[in-house]
Amino acid sequence: MEDKEFAKELPKKHEDISRWYTDVIAKAELADYWLVRGFMVIRPYGYALWENMTALLDARFKATGHKNAYFPLLLPESLLVKEAQHVEGFAPQVAWVTEAGTEPLEERLAVRPTSEAIFGTMYSKWIQSWRDLPMLINQWCSVVRWEKRTLPFLRTTEFLWQEGHTAHRTEEDGVEETMRMLEVYRDFVEAELAIPVVKGRKSESEKFPGAVDTYTIEALLPDGRALQSATSHHLGQNFARAFNITFQDLDGERRHVWTTSWGLSTRTVGAVIMVHGDDSGLILPPRIAPVQVIIVPIHGKDADEPALREAVDKVSSALSPRFRVEADWSDKRPGWKFNEWEMRGVPIRLELGPRDLRARQVTLVRRDDLERKKQPVPWDGLEARVAAELEAVQGALFQRALQFRAANTRRVTSGEEFRRVMEGPRGFILADWCGDAACEARIKDETGATVRCLPLDTEAAKGPCTWCGRPGQAQALFARAY
RNA sequence: CGGGGCGUGGCCCAGCCUGGUAGGGCGCUUGGUUUGGGACCAAGAGGCCGGCGGUUCGAAUCCGCCCGCCCCGACCA
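What you are looking at is a predicted structure, and each value in this text was computed from that prediction instead of being measured. (Residues numbered from 1 in each chain as written. Chains lettered and ligands numbered in written order. Predicted model: local features only at pLDDT ≥ 70, side-chain atom pairs only at ≥ 80, totals over all residues. Heavy atoms only, no water.)

Remarks on the domain arrangement of chain A
Here is step 1 of the chain: In terms of domains, chain A is made up of domain 1 (4-276), domain 2 (293-404) and domain 3 (409-481).
Here is step 2 of the chain: Its C-alpha centre places domain 1 at a distance of 27 Å from the equivalent point of domain 3.
Here is step 3 of the chain: Summed over both sides, the interface between domain 1 and domain 3 buries roughly 1,500 Å², with carbon and sulfur atoms accounting for 59% of that surface.
Here is step 4 of the chain: The three residues of domain 1 that bury the most area against domain 3 are Arg201, Arg225 and Ala226, which together make up 28% of that side's buried surface. (Domains from an automatic or database assignment. Buried area = accessible area lost by both parts, 1.4 Å probe.)

And the structure:
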């Protein structure tokens, strides 16, 4: 009964998750549509969220020895086509610049869909000796891949991301880097975004165009579909050969370098929205929430305005050195503010009214608490309590997501069972698989599911292929994909 | 790119069938009373009805084409 009126404005998450998703993005002011289909404006609140994510991820890149740089937006077609698999994979999605002002260009320029060709070109100039290796560079930028069907954050034509590009002396070094960065992503997504992921290797058909091996972290979204949340590619010497990246080794021999690339995009913002949100709107993990604590002042009948302001300032300044805290002094009424900040997913609300003033306390409410329990907390020791509650919210969100995934991951041993799961609850399916691309295509045709990855931590296949009965090569994680 | 739906002040929508010169709710502005789960009163501002063309004395309304958005499918971080 309480907020029927308000709830009507947002569809129930479990009843219409597509509408819920796009509506919550609009209402929480994360993003808005641009005039060109597939492009979006990331609004200040959404961008603050992304900035918090990038800061935490960037720190991990720095800690693993990488440096940031910036490479150009456009590249000549002749560069893009140097690696055959690469160009074939990206051709359908590339946007082209063909004119400058009124003059046609003699060679059309591709808007980067990714920057392997760009980095490769420069690396061939910069790398001469084994002493130049490893070369460990990352860039934060946007890329363009033309999309047929788009969705804010989860699938936009232009998206923000980072792409790391590294070059190494030996294959082992390259593989090690690939796995190191995959682990960086896992740690980042699980610890900061509170989203559990499965680490795995992509099948041949899902591999990055031009890669020897693609590794991925896969998250499960509430509608039972999988989201590739980050990828790390071992590129072998494919790009080194295509772009002539060579060095003189210790033994005097000239050799091709081994390269890697790895990326994480604004798509993960979509995952955060989807995984944690509820019927009242966003729920943001405290580590990345633009506002971690919102203070709502409440004027009473016998309002002592100066005393209220003084108390809010006191609470605010006690918390602000350590937390991202804001006080909402707008002239909306308290109920309106409660709903508004819940929509925006702020992890902790502190109410401060006449009763609290008298008792020298605040009333604390956690966003992840469906009951909206109002907990009185004395001013003394507030900082420690808030720290503990934020940690608790972070942990609770991860546990909730972990439970959902566990409840929706099914070990399947027959084609019939496979079909039933995909027609019903969907989710992750673990099944023995022969590894054959044709078999994979058949599974996709008949169930909509694809091989998300071959999980790194599950044992090899125990039995024959669940689908075709031929000898099982590996245990694969299947799901419908975003 | 196929199938379906929808385009009317900032937002949600009525009006269209049966043509006659645009209306409601929310929001916004100003003033006042309010403030512990989306307050109330009063006075205001704001729209060439997605675009182009056609029919007509007259088009938001009828016809054609185009564009955009949403949902569902094939391709993708």
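Overview of the packing of helix H2 (residues 17-27) against helix H9 (residues 267-276)
Two quantities define a packed helix pair, namely the angle between the helix axes and the distance between the axes.
Here is step 1 of the chain: At their nearest, the axes of H2 and H9 sit 11 Å apart, and the two run at 115 degrees to each other. Where H2 crosses over H9, the handedness of that crossing is right-handed. Together, Ile17, Trp20, Tyr21, Val24 and Ile25 of H2 and Gly270, Ile273 and Met274 of H9 make up the contact between the two elements.
Here is step 2 of the chain: Within the contact of H2 with H9, the residues separate by chemical class into 7 nonpolar, 1 polar and no charged. (Axes fitted to C-alpha atoms, helices over the stretch in contact; angles between N-to-C directions. Helix = DSSP H or I, 4+ residues; strand = E, 2+ residues; numbered from the N terminus. Left-handed = near helix turned anticlockwise from the far one by under 90°. Contact = heavy atoms within 4.5 Å. Nonpolar A, V, L, I, M, F, W, Y, C, P; charged D, E, K, R; others polar.)

Some words on the nonpolar core
Here is step 1 of the chain: Counting residues in hydrophobic clusters, the biggest one holds 54 residues, and the most contacted among them are Leu30, Phe153, Ile195 and Ile273.
Here is step 2 of the chain: The residues that make up this core include at least three from each of domain 1 (4-276) and domain 2 (293-404).
Here is step 3 of the chain: Dropping the residues within four chain positions of it, Ile273 is found in contact with Trp20, Tyr21, Val24, Ile25, Leu30, Phe153 and Leu282. (Core = buried A, V, L, I, M, F, W, Y, C linked by side-chain atoms within 4.5 Å. Buried < 20%, exposed > 50% of the residue type's maximum accessible area, 1.4 Å probe, protein only.)

Some details on the layout of surface pockets
Here is step 1 of the chain: Here the second largest pocket is characterised by a volume of approximately 450 Å³.
Here is step 2 of the chain: Elements represented by at least two residues in the lining of the second largest pocket include exactly H9 and helix H13 (382-407).
Here is step 3 of the chain: Of all the elements, H13 adds the most residues to the lining of the second largest pocket, at 5 residues.
Here is step 4 of the chain: Within the lining of the second largest pocket, the residues separate by chemical class into 11 nonpolar, 3 polar and 7 charged.
Here is step 5 of the chain: Structurally, the lining of the second largest pocket is a two-domain feature, drawing no fewer than three residues from each of domain 1 (4-276) and domain 2 (293-404). (1 Å grid on protein atoms, 1.4 Å probe; cavity = no way out; pocket = protein on both sides within 12 Å on 5 of 7 lines; lining within 4 Å. Points joined across faces, edges and corners; volume = space filled by probe spheres on them.)

What about the sheet that holds strand S16 (residues 325-327)?
Here is step 1 of the chain: Here 5 strands make up an open sheet; going across it, the order is S16-S15-S17-S18-S19 and the pairing mixed. The sheet terminates laterally at S16 and strand S19 (375-378), the two strands that pair on one side only. Here the strands of the sheet are splayed against their neighbours by 30 degrees on average, with no regard to which way each runs.
Here is step 2 of the chain: Across 5 bridges, the pairing between strand S15 (residues 293-297) and strand S17 (residues 348-352) is parallel. Bridge pairing links Val296 to Glu351 in S17.
Here is step 3 of the chain: Across the face of the sheet, H13 comes into contact with S15, S17, strand S18 (361-366) and S19 while running at roughly 5 degrees to S18. (Pairing = 2+ DSSP bridges.)

Re unusual backbone geometry
Here is step 1 of the chain: The step from Leu133 to Pro134 runs through a cis peptide bond, and the omega angle for that step is -5 degrees.
Here is step 2 of the chain: Note that Pro134 resides in the loop between helix H6 (116-126) and strand S7 (135-144).
Here is step 3 of the chain: You will see that Asn244, though not glycine, has its phi angle at about 55 degrees, which is positive.
Here is step 4 of the chain: Residue placement: Asn244 occurs in the loop between helix H8 (238-242) and strand S12 (246-248).

Considerations on the packing of aromatic side chains
Here is step 1 of the chain: Following the criterion strictly, the structure yields 15 aromatic pairs and no others.
Here is step 2 of the chain: Ring geometry for Phe71 and Trp126: centres 5.9 Å apart, planes at 55 degrees, overall tilted. Within this pair, whereas Phe71 is found in the loop between strand S3 (67-68) and strand S4 (74-76), its partner Trp126 is found in helix H6, the two being separated by 55 residues in sequence.
Here is step 3 of the chain: Classification of Phe71 as buried rests on a relative accessible area of 3%.
Here is step 4 of the chain: These aromatic residues form a ring-pair network of at least three members: Trp50, Phe61, Trp140, Tyr185 and Trp262.
Here is step 5 of the chain: The residue whose ring lies beneath Arg344 is Trp341, and the NZ or CZ to ring-centre distance is 5.6 Å.
Here is step 6 of the chain: One residue, Arg349, lies across the ring of Phe338, its end atom 4.0 Å from the ring centre. (Phe/Tyr/Trp six-rings, centres within 6.5 Å; stacked < 30°, edge-to-face > 60°. Lys NZ or Arg CZ within 6 Å of the ring centre and 35° of its normal.)

Overview of the pattern of salt bridges
Here is step 1 of the chain: Taken as a whole and assessed by the stated rule, the structure comprises 37 salt bridges.
Here is step 2 of the chain: Glu204 is the salt-bridge partner of Lys207, the closest N and O atoms lying 2.8 Å from each other.
Here is step 3 of the chain: By relative accessible area, Glu204 is classed as exposed at 58%.
Here is step 4 of the chain: Notably, a salt bridge pairs Asp251 with Arg255, separated by 2.9 Å at the nearest N-O pair.
Here is step 5 of the chain: You can call Arg255 partly exposed: its relative accessible area is 32%. (Salt bridge = Lys/Arg side-chain N within 4 Å of Asp/Glu carboxyl O.)

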